[in-house]
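# Chains, contacts and geometry: an overview
Chain residues, written in single-letter form:
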2 protein chains.
Amino acid sequence: MDRIIFIVCDGLADRPIKELQGKTPLEGAKKTNLDSLAQRGIVGLVHTIDRGVRPGSDVAHLALFGYNPKVYYTGRGIFEAIGIGMDLRPGDIALRGNFATIDKKHKIIDRRAGRIDNTEELVAALNKINKIEGIKCLFKKGTGHRVGVILRGSGLSAKVSDVDPHIVGRNVSLSKPLEKDKKSAFTATIINQLTQKTHEILSAHKFNTKRIKSNLKPANILLTRGASKAMHILSFKERYDLKALCIAGAGLYKGIARALGMDIIEVAGATGKPDSDISKKIQKAIQMLPKYDFIFIHIKGADSLAEDGDFLGKKKFIEKIDAALKPLTRLEDTLIVLTADHTTSSTLRLHTADPVPVLISGYDIHTDDVLSFTEHDAYKGRLGHLRGLDLMPTILDYLGRAPLYGA
Amino acid sequence: MDRIIFIVCDGLADRPIKELQGKTPLEGAKKTNLDSLAQRGIVGLVHTIDRGVRPGSDVAHLALFGYNPKVYYTGRGIFEAIGIGMDLRPGDIALRGNFATIDKKHKIIDRRAGRIDNTEELVAALNKINKIEGIKCLFKKGTGHRVGVILRGSGLSAKVSDVDPHIVGRNVSLSKPLEKDKKSAFTATIINQLTQKTHEILSAHKFNTKRIKSNLKPANILLTRGASKAMHILSFKERYDLKALCIAGAGLYKGIARALGMDIIEVAGATGKPDSDISKKIQKAIQMLPKYDFIFIHIKGADSLAEDGDFLGKKKFIEKIDAALKPLTRLEDTLIVLTADHTTSSTLRLHTADPVPVLISGYDIHTDDVLSFTEHDAYKGRLGHLRGLDLMPTILDYLGRAPLYGA
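Residues numbered from 1 in each chain as written. Chains lettered and ligands numbered in written order. Predicted model: local features only at pLDDT ≥ 70, side-chain atom pairs only at ≥ 80, totals over all residues. Heavy atoms only, no water.

All right, on to the relation of the copies chain A and chain B then. Between the two copies, chain A and chain B, the superposition gives an RMSD of 0.3 Å; the rotation angle is 119° and the shift along the axis is 0.1 Å. In symmetry terms, the pair is related by a three-fold rotation axis. Taken together, the interface assignments show that only 8% of the residues at the interface of chain A recur at the interface of chain B, consistent with different surfaces on the two copies. (Least-squares fit on C-alpha atoms with pLDDT ≥ 70 in both. Contact = heavy atoms within 4.5 Å.)

Here it is in structure tokens:
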């Protein structure tokens, strides 16, 4: 056994729901294949960061991949920028940008400019800014209203506050240094000048005059947030000697995978949404197995449905995942690992820190007595409680690839 | 209850084996006494270093004895040197030496000089070197082709590379400093001069001229490796106020025990091999109980058999261990602790990081519902998952000897 398929079902775990007779969506779902994988292996509960720490998807994935977020996480911006194909260099500051609509008094009318899309022209106009006080400013279109922003040059810091106040009706904020050093102060002035320039350029752009004529909200400013500094990260190949592939729909996960040096393959129908074609992703993984040691599959839908409070939809989606997993129950020489990055409570409609079930399944590994892959039963498994950072070492051990300590 | 018998069965744990109907050698073995001990106590799973860290026997034993290897482990050389009875002083550099055979171009023909033994004369010749640049060089015969080497004097470092290239057909390596300080550079020059001197002395020795005449490979060089620095270690007595005894066949374990200030007693028939007389070791332990608080028994065979892929032999050997344990099931006032230092997979033929079962058994301690001492059932025990370093504090607590924190 020398290959791994590593599946993260985003927000898979949940809490007991009254309308499901006190079951979670996972517990209520028909899930023959998940149970069969659990029966062929061992299960446990993962605290992706630590007990009681509510994880974002970004830090949770870093931890599951064995990269301590306390070392490697400097903000979401870098992974989103990498995810949309921007080339980051160590020292770059990456920010998440939104095209937004403000009024004449700089009050925010719409943080997404009417969920604008087709913003190629606007992004091209922003790229003409080129430099501010010697700092290179780079922009790339993300999905919908999103824009990746990179600041490149010497003397930059990520310790600056957001321009985006995150609340409609508020005024655009000034970026402020969050530490007392020169670099943070300098970076904040760059960002504030940049924000002003985007407002000037975008307000005057004919694309927006057309929108106003069509009674659409103009994208007349770029609101940035989540400044983060790019650092050197050892790749999966350098760190684990594993040739890794990522199969994901949503940009963030591709970004994390790319930052860790995984190859990325696009699968038609992998949308990162509940309509995603999961079967195609699994089949593609099996097809690519001979070429890779580690295949990461990200499945997003359960998280989004729970954030919408749609626990019935989540249950159905889990059944769709289960059906797609069938071919994996017959693989002989591949370790199957399946878990979630965090719990998403359909009643609270947010990520919670409740530990998530994990299964490690393969033909020559230990077994335990757990027959069903659920939040309820996972604590009875052989793996016990583990932290996200413990997972990769455990997997590498099963492959006989863990490094020897001592002699 | 105020005494402890602490048994480490080296490499006891394993993985499920197809030919044993998916059982491990321990699960497949007839083991009434192990089960009886488990029933009278509590069990759990020990990660001797940490989850997913594949331990060598040396670091694993340090951790099981409560000595953090990250603090106390500087390489295997010191424990081997102590194990063969060399007196180490803090600051000494210890190395493992092999009598080996090289050709005229310094290419290695045999790293063990035809598994030479009876090397007393050669070792005596080496001890005539006495000093190199003021550094005292001490040699002592180990088993077979092995020699303990100590460098003593000021300005030494253990940060030097091996002279032994570990591969037959390669040339003898030059020792190189692994750090940029003067001490490492100085130590490397001493080791290189020493290697040259051993080659000169041994090549000219009549013992070797005789060997060549008899068509045997001459021991014409001493290859050293594993430089490690002796440090001050608090003894078992100083640290735990326990008078400790070691009963072991193999040298390394005696070395670790001696480094921790344990007394060592030799038992006839304790060979450190699968033919070892385990019953005699157990009987000797019981006989010595009135004189000691803590008796460490090391049983090596299971590890060696698994490293040879002999899972049936390992199963039989476990049955032999079990039979020898019978007298321990009747002891009333002694805590019995039994575990392994690591898993040795008979299929992979190497140490793995899979956690190992542990039992703590005695007449007035808690119990749990685990009836059988196996890899499969241990996770269901009261102890849950613990690290090697957690074991000694747990044991000391059962003896009412754990230090009080707070008031």
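On to the domain arrangement of chain A, then. When the parts of a complex come together, some accessible area is lost, and that lost area is often taken as the interface size. Residues and elements named next belong to chain A. Segmenting chain A into domains produces domain 1 (3–74 + 233–398) and domain 2 (80–229). Placing a centre on the C-alpha atoms of domain 1 and another on those of domain 2 gives a separation of 33 Å. With 7 residues of domain 1 at the interface, the matching set in domain 2 holds 9 residues. Together, the buried faces of domain 1 and domain 2 total about 590 Å²; carbon and sulfur atoms form 53% of this surface. Of all residues in domain 1, Thr74, Leu252 and Arg258 bury the most surface against domain 2, accounting for 71% of the area lost on that side. (Domains from an automatic or database assignment. Buried area = accessible area lost by both parts, 1.4 Å probe.)

Bringing the interface of chain A and chain B into the picture now. Listed per partner, the contact involves 26 residues of chain A and 30 residues of chain B. Buried area between chain A and chain B, summed over both chains or domains, comes out near 2,200 Å², and the portion from carbon and sulfur atoms is 50%. Of all residues in chain A, Arg382, Tyr405 and Ala407 of chain A give up the largest surface area on contact with chain B, accounting jointly for 33% of the area buried on that side. Joining chain A to chain B, the criterion identifies 2 salt bridges. Note that Lys380 of chain B and Asp369 of chain A form a salt bridge whose closest N and O atoms lie 2.4 Å from each other. Summed over the shared surface of chain A and chain B, the result is 17 residue pairs in polar contact (both at pLDDT 80 or more). Every element with two or more residues in the side of chain A that touches chain B is listed here: β16 (384–387), α14 (388–398) and β17 (404–405) of chain A. A per-element tally of the side of chain A that touches chain B places α14 of chain A first, with 5 residues. Residues that form the side of chain A that touches chain B fall into these classes: 11 nonpolar, 8 polar and 7 charged. (Salt bridge = Lys/Arg side-chain N within 4 Å of Asp/Glu carboxyl O. Polar contact = N/O pair within 3.5 Å; in protein donor to acceptor, adjacent residues only side chain to side chain. Helix = DSSP H or I, 4+ residues; strand = E, 2+ residues; numbered from the N terminus. Nonpolar A, V, L, I, M, F, W, Y, C, P; charged D, E, K, R; others polar.)

A word on the sheet that holds strand β1 (residues 3–9) of chain B. Strands in a sheet are paired, the pairing made by backbone hydrogen bonds, and the direction either parallel or antiparallel. Residue and element names in this part refer to chain B. Pairing within the open sheet is mixed, and its 8 strands lie in the order β11-β10-β12-β1-β13-β16-β2-β17. Sheet topology places β11 (263–264) and β17 (384–387) at the edges, where each strand pairs with a single neighbour. Two elements, strand β10 (residues 244–247) and strand β12 (residues 294–299), share 4 bridges in a ladder whose sense is parallel. Bridged to Cys246 within β12 is Phe296. Contacts between helix α3 (residues 57–64) and the sheet are confined to β1, β2 (41–47), β12 and β13 (334–339), with β1 contributing the most and set at about 160° to the helix. Those strands touched by helix α11 (residues 278–288) are β1, β10 and β12, and its axis lies near 175° from that of β12. (Pairing = 2+ DSSP bridges. Axes fitted to C-alpha atoms, helices over the stretch in contact; angles between N-to-C directions.)

Here we take up the pattern of salt bridges. A side chain with one charge can pair with a side chain of the opposite charge if their charged atoms come near. All names here are of chain A. A complete count under the given rule lists 39 salt bridges over all chains for this structure. The partner of Asp277 in a salt bridge is Lys280, and the shortest N-O contact between them spans 3.7 Å. Among the residues examined, Asp277 registers a relative accessible area of 28% and is labelled partly exposed. A salt bridge links Asp377 to Lys380; the shortest N-O distance between them is 3.4 Å. Owing to a relative accessible area of 19%, Asp377 belongs among the buried residues under this scheme. (Buried < 20%, exposed > 50% of the residue type's maximum accessible area, 1.4 Å probe, protein only.)

Bringing the side chain of Asp322 of chain A into the picture now. Here Asp322 of chain A shows up in helix α13 (residues 311–324). Setting aside residues no more than four positions away along its own chain, Asp322 of chain A makes contact with Lys30, Lys31, Thr32, Asn33 and Leu34 of chain A.

Counted according to the given criterion, the structure contains 23 aromatic pairs over all chains. Ring geometry for Tyr73 of chain B and Phe79 of chain B: centres 6.4 Å apart, planes at 10°, overall stacked. Across this residue pair, the class does not change: Tyr73 of chain B and Phe79 of chain B are buried. An aromatic cluster is built from Phe6, Phe65, Tyr67, Tyr72, Phe236, Tyr240, Phe294 and Phe296 of chain A, whose rings are joined through pairwise contacts. Across the ring face of Tyr292 of chain A, the terminal group of Lys243 of chain A is positioned such that the distance to the ring centre comes to 4.4 Å. (Phe/Tyr/Trp six-rings, centres within 6.5 Å; stacked < 30°, edge-to-face > 60°. Lys NZ or Arg CZ within 6 Å of the ring centre and 35° of its normal.)

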